Amino acid sequence: MVPDHTPSSEALSRRKILASSAVIGATGLAGCSGDASSDSPDCTTTALEHGDGDVLQQASAMISDGSVALLISLEESGDTLPIESILLKNSEGDLLNEIPTTDAREYRLTIGSPPHHGRLTLLAENDQSDEIDSMEIEYHCTDE
């Protein structure tokens, strides 16, 4: 079905544009909240801590197109997610990025060039800016 294009529906919001740029299709991000680490040929990612929620399932660093990308996987159940955005913070607590969410289950964000390593905290927030889940990861990516 072709969507009705009225003047009010033609204007894309900043939120939808940002979300579209962060969304990826269903790709090879496997795993579940029970996995403590993930390895790719050039990157190792370890989950150091996970909050009480079940929204953030996995976060993995990988090298893609010559850059280090962070792949974030959200829960698979339900029609809509209770989250408004995912905040990405460094080990000092500084906000690095805010990813507005849609109904997508996987997001991809470029975080640097190899070699690259660090510790990141992901925070899932609802529309009231309440934290509903968190995850802390450590990653190491080489340039080989």
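Here, the structure is the one placed above.
Let me sum up the structure you'll find in this document. (Residues numbered from 1 in each chain as written. Predicted model: local features only at pLDDT ≥ 70, side-chain atom pairs only at ≥ 80, totals over all residues. Heavy atoms only, no water.)

Assignment of secondary structure puts Gln58 in strand 3 (residues 56-64). Looking at Gln58, its side chain comes within polar contact range of the side chain of Ser60, at 3.2 Å. (Helix = DSSP H or I, 4+ residues; strand = E, 2+ residues; numbered from the N terminus. Polar contact = N/O pair within 3.5 Å; in protein donor to acceptor, adjacent residues only side chain to side chain.)

Let us look at the pairing of strand 7 (residues 106-112). Every regular strand shows the same layout, with side chains that alternate between the two sheet faces. Among the seven residues of strand 7, five are classified as buried, and the element is accordingly described as predominantly covered. Note that strand 4 (residues 67-74) and strand 7 share six bridges and pair antiparallel. In the sheet register, Leu71 faces strand 7, and the bridge partner there is Arg108. (Buried < 20%, exposed > 50% of the residue type's maximum accessible area, 1.4 Å probe, protein only. Pairing = 2+ DSSP bridges.)

Another point: the pattern of salt bridges. For the coordinates displayed, the defined rule picks out two salt bridges. A salt bridge links Arg119 to Glu136; its shortest N-O distance comes to 3.7 Å. With a gap of 17 residues between them, Arg119 in strand 8 (residues 116-125) and Glu136 in strand 9 (residues 131-141) connect regions that are remote in the sequence. A residue is classified by how much of its surface remains accessible, and Arg119, at 37% relative accessible area, is partly exposed. Salt-bridge contacts for Glu138 lead to Arg119; the nearest nitrogen and oxygen are separated by 3.1 Å. You can see Glu138 sitting in strand 9 and its partner Arg119 sitting in strand 8, a full 19 residues away along the chain. Through salt bridges that share partners, Arg119, Glu136 and Glu138 make up one connected network. (Salt bridge = Lys/Arg side-chain N within 4 Å of Asp/Glu carboxyl O.)

A word on the pairing of strand 8. Both strand 5 (residues 85-90) and strand 8 contribute to a ladder of six bridges, which runs antiparallel. Paired with Ser85 across the strands is Glu125, a residue of strand 8. As judged from the 10 bridges shared by strand 8 and strand 9, these two strands associate in the antiparallel manner. The partner of Leu123 across the bridge, within strand 9, is Ser134. Where strand 8 folds back on strand 9, the antiparallel hairpin that results is connected by five residues, among which Ser129 adopts a positive phi of roughly 65 degrees.

Counting residues in hydrophobic clusters, the biggest one holds 24 residues, and the most contacted among them are Leu56, Leu70, Ile72, Leu74, Ile86, Ile111 and Leu122. Mapped onto this core, the elements with two or more residues apiece are strand 3, strand 4, strand 5, strand 7, strand 8 and strand 9. Sequence-distant contacts of Leu56, defined by excluding residues within four places in its chain, comprise His50, Ile72, Ser73, Leu74, Ile86, Leu122, Ala124, Asp133, Ser134 and Met135. (Core = buried A, V, L, I, M, F, W, Y, C linked by side-chain atoms within 4.5 Å. Contact = heavy atoms within 4.5 Å.)

Attention now moves to the side chain of Asp133. As for its position among the elements, Asp133 is in strand 9. At 13 Å, Arg105 is the nearest oppositely charged side chain to Asp133, a buried residue that forms no salt bridge. Separated by 3.0 Å, the side chain of Asp133 and the backbone nitrogen of Val55 make a polar contact. A distance of 2.8 Å separates a polar atom in the side chain of Asp133 from the backbone nitrogen of Leu56. Setting aside residues no more than four positions away along its own chain, Asp133 makes contact with His50, Gly51, Asp52, Gly53, Asp54, Val55, Leu56, Leu122, Leu123 and Ala124. (Lys, Arg positive; Asp, Glu negative; His and termini not counted.)

So, on to the state of the cysteines. In this structure the tally under the stated criterion is one disulfide. Put simply, Cys43 and Cys141 are joined by a disulfide, and their sulfur atoms are 2.2 Å apart. Between Cys43 and Cys141 the disulfide shows an S-S torsion of about 120 degrees. By sign, it is right-handed. Here Cys43 is found in strand 2 (residues 43-50), whereas its partner Cys141 is found in strand 9, with 98 residues between them in sequence. Taking relative accessible area as the criterion, Cys43 reaches 1% and is therefore assigned buried. Residue class for Cys141 comes out buried when judged on its relative accessible area of 4%. (Disulfide = S-S within 2.5 Å.)

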